Amino acid sequence: MTKYLIKRPIGILLSFIVVIIFGLASLWKIPVSLLPNIDVPRIVILVHYPNTAAFNLEQNIIRPIRESLGTISHIEKIESRSANHYGIVTLIFEYGTKMNLAYIESNEKLDQLSSSFPRDMQRPIIIRTNTSDIPIIRVQVTPKSQSEYLGVSELSEKILRKRLEQVEGVSVVDISGQQHGVITVTPYLEKIIALNLDEDDLTRTIQNANKDLGGMSVRDGQYRYFIKVTNALESADNIARLPITTKNGTVLQLQQIAKISWISEKPTGFHLFNNKEGLVLTIQKQPDSRMNELVPKIKEQVRQFTKDYPNIDFSLSQDQSFLLEAGISNLYQDLIYGGILTILLLFLFLGNWVSPFLMSISIPTSLIITFIFFYLFDISFNIISLSGLALGIGMLIDNSIVVIDSISRKRKNGMTAIDSAINGTNEVIVPVISQVLTTVAVYLPLILLSGVGGALVFDQSIALTISLCVSLLVAFILVPILYKQISNNNASNQNDDSVFYKYVSVAYHKMIDHILRHNKIYLLITISLMPIGIFILAKMPVNGLPKIERKESMIHIDWNSPIDANENLIRTKSLLREIQGGCNVTEAEIGIQQFTIQQEKSAVLNTELYYACDTESEKTKMDQTVRNWIENYYPNAFYQILDAPNAFTQLFSTSAPFLEARFKPILNQGGEGAWKNLQHVIDSIKNKSFKLGDEFQKEIMVDLILHDQKMALYGVTKEQIETKLHELFGNYTITNIKRFGEIRSILLKTNQNQISNQLATVIQGNNNAYYPLNQFITISYSSTPKYYTSDKSGQYKSINFGEETFDPEMLQKQIKKYALDSGYNVQFVGRYIDGKKHSQRLWYIFFIVLILLYTILVIQYENLIQPFLVMLTIPLGITGGAITLWLAGGTLDIMAIIGFVVILGLIVDDPILKIDTLNKLENKYLAQGLRHDKDLLYKMIHEAGDLCLKPLLMVSLTTSIALVPVLFVGGIGNDMQKPLAIVIIGGLTVGTFFTTWFIPLAYWYFTKWKNKIK
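For clarity, every value in this text was computed on a predicted model and none was experimentally measured. (Residues numbered from 1 in each chain as written. Predicted model: local features only at pLDDT ≥ 70, side-chain atom pairs only at ≥ 80, totals over all residues. Heavy atoms only, no water.)

(A) The arrangement of the side chain of His-509 in detail. Structurally, His-509 is set in helix α16 (residues 499-517). The exposure class of His-509 is buried, given its relative accessible area of 15%. (Helix = DSSP H or I, 4+ residues; strand = E, 2+ residues; numbered from the N terminus. Buried < 20%, exposed > 50% of the residue type's maximum accessible area, 1.4 Å probe, protein only.)

In structure tokens:
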């Protein structure tokens, strides 16, 4: 096949030109996004039911949802959390579940429960999580005058939101910070009592005026006309002029006995941008849109908003496209700087311009052809796939190096250009394919990794595999043809070795002579180095993601007191004034957020604060300022200071504690009595470094006890009291005005603020007599849990341990014993437990990788022992990577782990080629009639060194040097890749140095043992 292709250069070259054109055309059609489009196996159900206590929400709504949805197939776990006003149920599915079907089934289950929900509760929202759901940018809308807030809210909902949704590539625009107008009716109590009226008379008057009379039609001869009865209620003025008749027949206007106002509805939440009240629009992209083109369109639309609405300030914040721009920018930098360094390195080893030129063109050619497969396989340009390409830049040239070196040797031995191209390529096809297969094989088992991390690694491995396979085709087809066309016809004039390489070659043979003379010492040294890497990794701190410069913080505050949204606003503004001078941007979500797609908990007493600073040191200073302010002014508040997540980190970030112990009563007694012995268990735990879970937080509850006998005596019903309590405490809705899809509420409002004053309101009883409401109600106060947390098996209470916990295994045994003695089961969850599961899976994957590598090598060598010699170099590569990572002060994070996985495939490349060369030399000399002895073995090792040293050094150094820009060129993209680069550079550099003499040494002992050479 090689001979056939090389003899048709015009057709092959033209074919490659056509393919390159298609690759460049595909480049503009490939979607560009932050992350791969991954279905996260999670569904969230949000329940919003204002003015409902956590206990009632848990018992009547959340628990039925949890029990019903818990029967859906492929659920891994189910969690729920109930608080005042809201509840969240989270379904975690097994990775690989068809989330389309799971989403449909969840909706069906919820519809079956809908008849049991309260009528005034809106349907729970079901959110299916996807990586494309992460907002790419936020548009801040701040009225210049607060008096225009209602108008700006309406404009944002009806105009701005729709205009942004019309931008090509936008999927969803969500909004928070809105205020809605309502019409309030505040009775003049003295007047209505003097006129022998009550609040129910006002309510009935407005409701009757707002009745929908339905459709009517009349017939006039042969014609039929439809009649529309116009509703007079359209504004507060219309309501104010409504007639109301007193008991003595006097007709008054409603405004004479009540104040009618058009005001902003009492907010349950606020949004602040730079300490100013406003609205925020979050924008999500469609999965197949190009983010680098979409964000400029959004910015242009916002600039147009600024021109169209001069009374509003518009700003953009939390622009996530910087991640993608950094990834693309870093890829360009790596290509340019890494490519230049690689070419210079080639000239350092090669004595002519032909070989470096042919080797270097394989990088852009392979990349451009790779774009075609990106388009065909629907792979987007994202920070994961780009990292795969960046990782493969140095590897793309490896195959061409080996092929060209083989062709050059044939040419140097006197073959013609065409014969050397054919024979040189055919000679290395098997080892080069084997090298690529070993690299690909280390990624194949990674599909067994669960969760989003496994999916992201899969996307990176696909990008790397495609580029390597394409580079294989380039090395076997394009490079030999170009070599034949470009190379000098006079082989004697060809100089393949530079002065530098000749010096390295002489030094190498001297080193091999020395090592073979002291073979036992160097064998022991090498074997003793192998376990060092494992020892270092076992002691190295573990982290989720690489350390990057973090200049943004996110603060979660629970004020832990029964405050309303306005008080929360006052406290948050005061805190913002403390830090405003040290921050570039601040945002705050106060109270209940209005986002439709909102998966985080939000309550009236919660605040979520975000700020960005110029430097990481400034951010650290602001974090301490926030910490001091909260502890000084509100010591009972709960708060958490975190690095603000971006679109990438929030996929891997977790709020789970290091170790969480969940207690459940063995006997399900129900109520708070089931937990009476739990405090004894907690007091018995010797390790006091734990924190109590949210379920232990208490809040004050007002209990209203009805006096049934008094109610019966004075003719007051429970329905009357319930209605009156809603009027007093719940912003009682009289009716709604519906116009063109818009709904305006009419609320009955009272002037009293104190509970005692409100309960002094009168209520009508027998004989139209009025009695104070407090005569039928007694007030008492009690404490009740603020939160209720449950999983699939029911409610639990928990304690959380941090990472400083000593001997978690012993701690778990102690807690289990204390819990069982007091009548509780205990379950342990958290990052520690998940880490153990992931470690077990990683070891399982590691052994699968070794088995695959061994299988590939056995197939190549047709030998069961020689593959072990090759694989013994793996610990050397791991040791090299571990030492450099430790010296660089790194941690064992996901990118470092990927680096070690790559090392498994790369470190065996030289041993594969060298063992293959030694085998061929052995067959050659045995065919010549030579016998196995030390002299022949010595000669074979030196000759194999001559044949393999140059491609070995070039392959190893080009792969490493292509990653050097990652270490020195700034940017978040390179910061993310830095641990990976450190591991690969260290593993290849240190590992290659040892393998250059360990493989000859191991082969020396193996051959002596096999052939019984003394």
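(B) Representation of a nonpolar patch on the surface within the structure. Side chains of Leu-14, Ile-17, Val-18, Ile-21 and Phe-22 sit close together on the surface and give an oily, nonpolar patch of about 490 Å² of accessible area. Locating Ile-21 in the fold gives a position in helix α2 (residues 9-27). Exposure remark for Ile-21: the relative accessible area of 53% places this residue in the exposed category. (Patch = residues over 30% accessible without salt bridge, like charges linked within 9 Å, V, L, I, M, F, W, Y side chains within 5 Å. Areas by Shrake-Rupley, 256 points an atom, 1.4 Å probe, with all protein chains shown as cover. Salt bridge = Lys/Arg side-chain N within 4 Å of Asp/Glu carboxyl O.)

(C) Summary view of the pattern of salt bridges. For the structure shown, the criterion picks out 29 salt bridges. The partner of Arg-81 in a salt bridge is Asp-694, with the nearest N and O atoms 3.0 Å apart. You can see Arg-81 sitting in strand β2 (residues 75-83) and its partner Asp-694 sitting in the loop between β22 (691-692) and β23 (698-706), a full 613 residues away along the chain. On the accessibility criterion, Arg-81 (14% relative accessible area) is buried. Under the relative-accessibility criterion, Asp-694 is labelled partly exposed at 24%. Ionic pairing is found between Asp-821 and Lys-817, a salt bridge with its closest N-O pair at 3.3 Å. Of this pair, Asp-821 and Lys-817 both sit in helix α26 (residues 808-821), 4 residues apart, which is roughly one turn of the helix. The residues Asp-821 and Lys-817 share a single accessibility class, namely exposed. Here the salt bridges share partners, and the residues they tie into one network are Glu-79, Glu-660, Arg-662, Lys-664 and Asp-791.

(D) Region of interest: the sheet that holds strand β15 (residues 279-285). With respect to topology, 4 strands assemble into an open sheet ordered β6-β15-β5-β16, the strand pairing being antiparallel. The sheet terminates laterally at β6 (170-176) and β16 (312-317), the two strands that pair on one side only. For this sheet, the mean inter-axis angle between neighbouring strands, taken without regard to orientation, is 20 degrees. Summarising the sheet, strand β5 (residues 137-143) and β15 pair through 5 bridges and their orientation is antiparallel. Note that in β15 the partner of Val-141 across the bridge is Leu-279. Along the sheet, helix α5 (residues 149-165) makes contact with β5, β6, β15 and β16, crossing β6 at roughly 170 degrees. Relative to β16, helix α9 (residues 291-308) is tilted by about 165 degrees, and along the sheet it contacts β5, β6, β15 and β16. (Pairing = 2+ DSSP bridges. Axes fitted to C-alpha atoms, helices over the stretch in contact; angles between N-to-C directions. Contact = heavy atoms within 4.5 Å.)

(E) Spotlight on the packing of α5 against α9. The N-to-C vectors of α5 and α9 enclose an angle of 150 degrees; their axes lie 10 Å apart at closest approach. The orientation of α5 relative to α9 falls into the category roughly antiparallel. Viewed along their axes, α5 and α9 form a crossing whose handedness is right-handed. In contact with Leu-160, Arg-163 and Leu-164 of α5, α9 contributes Ile-298, Gln-301, Gln-304, Phe-305 and Asp-308. (Parallel < 35°, antiparallel > 145°, perpendicular 65-115°, else oblique. Left-handed = near helix turned anticlockwise from the far one by under 90°.)

(F) Quick look at the nonpolar core. Ranked by internal contacts, the top residues of the largest apolar core, which has 124 residues, are Met-359, Phe-381, Ile-874 and Phe-900. Among the elements that take part in this core, helix α34 (residues 972-1011) stands out by supplying 16 residues, more than any other. For Met-359, the residues in contact, after removing those within four places along its chain, are Leu-346, Leu-350, Ile-397, Ser-400, Ile-401, Ile-404 and Met-954. Residues Ala-83, Leu-575, Ala-637 and Tyr-787 belong to the second largest nonpolar core, which totals 33 residues. (Core = buried A, V, L, I, M, F, W, Y, C linked by side-chain atoms within 4.5 Å.)

(G) Summary view of empty space enclosed by the protein. All chains considered together, the criterion is met by 5 cavities of 30 Å³ or more. Roughly 150 Å³ of internal volume is contained in the second largest cavity. The wall of the second largest cavity is formed by 17 residues, among which Leu-906, Asp-909, Asp-910, Leu-952 and Val-955 lie closest to the centre. Elements with a minimum of two residues in the lining of the second largest cavity: α13 (398-412), α31 (909-927), α32 (934-961) and α34. Per-element tally for the lining of the second largest cavity: the top contributor is α32, with 5 residues. For the lining of the second largest cavity, a count of residues per class yields 9 nonpolar, 5 polar and 3 charged. (1 Å grid on protein atoms, 1.4 Å probe; cavity = no way out; pocket = protein on both sides within 12 Å on 5 of 7 lines; lining within 4 Å. Points joined across faces, edges and corners; volume = space filled by probe spheres on them. Nonpolar A, V, L, I, M, F, W, Y, C, P; charged D, E, K, R; others polar.)

(H) Molecular detail of the environment of Met-511. Note that Met-511 resides in helix α16. Ignoring any residue separated from it by four or fewer positions in sequence, one finds Met-511 in contact with Phe-993, Thr-996 and Trp-997.

(I) Region of the structure containing the confidence of the model for the protein. Considering every residue of the protein, the mean pLDDT works out to 82; 89% of them sit at 70 or more. Per-residue pLDDT, averaged within each element of the protein, yields its smallest value for strand β25 (residues 742-748) (60) and its largest for β5 (94). (pLDDT = per-residue confidence, 0-100.)

(J) The arrangement of the pairing of strand β13 (residues 269-273) in detail. Burial within β13 is extensive, with 5 of its 5 residues counted as buried. On β13, burial covers both faces: Gly-269, His-271 and Phe-273 on one face and Phe-270 and Leu-272 on the other are all buried. With 2 bridges joining them, β13 and strand β14 (residues 276-277) adopt antiparallel strand pairing. The residue of β14 that forms the bridge with Leu-272 is Glu-277. Counting the residues that bridge the hairpin from β13 to β14 gives 2 residues, and of these Asn-274 lies at a positive phi of roughly 50 degrees.

(K) Layout of the sheet that holds strand β17 (residues 552-558). Here 6 strands make up an open sheet; going across it, the order is β14-β13-β18-β19-β17-β20 and the pairing antiparallel. Edge positions in the open sheet fall to β14 and β20 (638-643), since each of these has one partner strand only. Direction of pairing for β17 relative to strand β19 (residues 606-612): antiparallel, over a ladder of 7 bridges. Residue Ile-557 lies in a different strand from β19, and its bridge partner there is Thr-607.

(L) Representation of the packing of aromatic side chains in the model. By the definition in use, this model includes 22 aromatic pairs. Ring plane angle 50 degrees and centroid distance 6.2 Å describe the contact between Phe-349 and Tyr-501, whose orientation is recorded as tilted. One end of the pair, Phe-349, is in helix α10 (residues 321-349); the other, Tyr-501, is in helix α16, with 152 residues separating them in the sequence. Each of the two residues, Phe-349 as well as Tyr-501, counts as buried. Following the ring pairs from residue to residue traces out a cluster consisting of Tyr-522, Phe-993, Phe-994 and Trp-997. Just above the ring of Tyr-787 sits the side chain of Arg-81; from NZ or CZ to the centre is 4.0 Å. (Phe/Tyr/Trp six-rings, centres within 6.5 Å; stacked < 30°, edge-to-face > 60°. Lys NZ or Arg CZ within 6 Å of the ring centre and 35° of its normal.)

(M) Just α32, in detail. Helix length check: α32, at 28 residues, gives a terminal C-alpha distance of 38 Å against a target of 40 Å (1.5 Å per residue), a fit within 8%. At Cys-948, α32 shows its strongest bend, of approximately 45 degrees, with the proline Pro-951 following within four residues. Regarding α32, its N-cap is Asp-933, as a side-chain oxygen of that residue lies 3.2 Å from the backbone nitrogen of Asp-935 further along. (Expected span 1.5 Å × (residues − 1). Bend = angle between axes of the 7 residues up to and from the residue. Polar contact = N/O pair within 3.5 Å; in protein donor to acceptor, adjacent residues only side chain to side chain.)

(N) Geometry of unusual backbone geometry. Even without a glycine there, the phi angle at Asn-274 is positive, about 50 degrees. Note on placement: Asn-274 falls in the loop between β13 and β14. For Asn-274, a relative accessible area of 27% translates into the label partly exposed.

(O) Highlighting α9. The first and last C-alpha atoms of α9 sit 26 Å apart over 18 residues, in line with the 26 Å expected at 1.5 Å per residue. Residues Met-291, Leu-294, Val-295, Ile-298, Gln-301, Val-302 and Phe-305 constitute the buried set of α9. What you see down the axis of α9 is that its buried residues fit within an arc of 120 degrees, all on one side. (Arc of directions from axis to C-beta.)

(P) Spatial organisation of the packing of helix α14 (residues 417-443) against α31. Direction vectors running N to C along α14 and α31 enclose 150 degrees, while the axes themselves pass 9 Å from each other. Between α14 and α31, the angle falls in the class roughly antiparallel. Crossing of α14 against α31: the hand is right-handed. Counting all contacts with α14, which are made through Glu-427, Pro-431, Ser-434, Gln-435, Thr-438 and Thr-439, the residues of α31 involved are Asp-909, Ile-912, Leu-913, Asp-916 and Lys-920. A per-class count over the contact of α14 with α31 returns 3 nonpolar, 4 polar and 4 charged.

(Q) Region of the structure containing the environment of Glu-105. Relative to the elements of secondary structure, Glu-105 occurs in helix α4 (residues 99-113). Expressed as a C-alpha distance, the spacing of Glu-105 and Ile-72, which sit 33 residues apart in the sequence, is 7.3 Å. When sequence neighbours within four positions are dropped, the list of residues in contact with Glu-105 reads Ile-72 and Ser-73.

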